[in-house]
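Structure at a glance
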Amino acid sequence: NRFAFVNFKRLTLHSKIMLMGTFFLVFGGAILIFWIENVKTPEFYALPETEKWLLAFFQSVTSRTAGFASMDIGKMQHASIFVIIVLMFIGAGSASAAGGLKISTVFVAVAAAFGFVRKRDSVTLFHQSVNWGIVNRALAMIIASVLVIILATFLLLLSEKSLPFEMIIFEVVSAFSTVGLSIGLTGE
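These remarks concern the structure in this document. (Residues numbered from 1 in each chain as written. Predicted model: local features only at pLDDT ≥ 70, side-chain atom pairs only at ≥ 80, totals over all residues. Heavy atoms only, no water.)

Details of the side chain of Thr153
Mapped onto the fold, Thr153 is located in helix α6 (residues 132-159). With residues up to four places along the chain from it excluded, the contact list for Thr153 reads Phe165, Ile168, Ile169 and Val172. (Helix = DSSP H or I, 4+ residues; strand = E, 2+ residues; numbered from the N terminus. Contact = heavy atoms within 4.5 Å.)

Quick look at the environment of Ile134
With respect to the helices, strands and loops of the structure, Ile134 is situated in helix α6. For the pair formed by Ile134 and Thr105, sequence separation is 29 residues and the distance between their alpha carbons is 8.6 Å.

Topic: the packing of helix α1 (residues 13-40) against helix α3 (residues 49-62)
It is at 8 Å that the axes of α1 and α3 come closest, and there the two elements cross at 130 degrees. By the angle between their axes, α1 is oblique relative to α3. For the pair α1 and α3, the sense of crossing is right-handed. Judged by residue contacts, Leu25, Val26, Phe27, Gly29, Ala30, Ile31, Ile33, Phe34 and Asn38 of α1 engage Glu49, Lys52, Trp53, Ala56, Phe57, Gln59, Ser60 and Val61 from α3. Looking at the contact of α1 with α3 residue by residue, the classes come out as 11 nonpolar, 4 polar and 2 charged. (Axes fitted to C-alpha atoms, helices over the stretch in contact; angles between N-to-C directions. Parallel < 35°, antiparallel > 145°, perpendicular 65-115°, else oblique. Left-handed = near helix turned anticlockwise from the far one by under 90°. Nonpolar A, V, L, I, M, F, W, Y, C, P; charged D, E, K, R; others polar.)

A short note on the nonpolar core
Core analysis: the largest hydrophobic core is formed by 44 residues, its most contacted members being Met88 and Phe170. Elements supplying a minimum of two residues to this core: α1, α3, α4 (78-90), α5 (103-117), β1 (123-125), α6 and α7 (165-176). Per element, the largest residue contribution to this core is 8 residues, and it comes from α4. (Core = buried A, V, L, I, M, F, W, Y, C linked by side-chain atoms within 4.5 Å. Buried < 20%, exposed > 50% of the residue type's maximum accessible area, 1.4 Å probe, protein only.)

Details of the packing of aromatic side chains
On inspection of all chains with the given rule, the structure shows 6 aromatic pairs. Here Phe27 and Phe57 contribute two aromatic rings whose centre-to-centre distance is 5.8 Å and whose plane-to-plane angle is 45 degrees, an arrangement assigned as tilted. Remark: Phe57 occurs in helix α3 and Phe27 occurs in helix α1; sequence separation between them is 30 residues. What makes Phe57 partly exposed here is its relative accessible area of 33%. With 6.1 Å between their ring centres and 75 degrees between their planes, Phe34 and Phe44 make a pair best called edge-to-face. Taken as a pair, Phe34 in helix α1 and Phe44 in helix α2 (residues 42-45) lie far apart in primary sequence, 10 residues in all. (Phe/Tyr/Trp six-rings, centres within 6.5 Å; stacked < 30°, edge-to-face > 60°.)

A few points about the pattern of salt bridges
Within this structure, the stated rule accounts for 1 salt bridge. Note that Glu49 and Lys52 form a salt bridge whose closest N and O atoms lie 3.2 Å from each other. Of the two residues, Glu49 and Lys52 are both situated in helix α3; the distance of 3 residues between them amounts to about one turn of the helix. Lys52 gets classed as buried once you look at its relative accessible area, which sits at 3%. (Salt bridge = Lys/Arg side-chain N within 4 Å of Asp/Glu carboxyl O.)

Here you go:
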């Protein structure tokens, strides 16, 4: 097709992972935030439809990269805050300046988990085999990251006894992923 900008089949495996992962995270995050906030938050519900979608879309993108808040995160629903924590933890692409684990790391680990459940001997993505060294590094990176977050959260829970768990875990993941979002704890 002469109007197609990119022939998906001709892209490298990394490019396919980045495009699919970014699409899923941006639009999936936006849909979840829109749905959660539209049902539960009166201030959000009262906005015009296009503004609600723009806010949800912007928050989904910025949660993985820049750390700008289009909404007062402290007033968001717990489920939306959880979605933002997951987006911050995953982060953006490996060639970007954004933090987080990186899309490719999570994508490879998820493919490995699905392969394990299906009792496959190899990890494949888009009909291409992934080197076991890459799979092992991805899994090790996720385990190390989770351990750092657990330790930092535990230490803050010990030192900041009056603060809610949700606020502390949000701040820890934001700091770990170098996102810069805050519910308010960082200022305190």
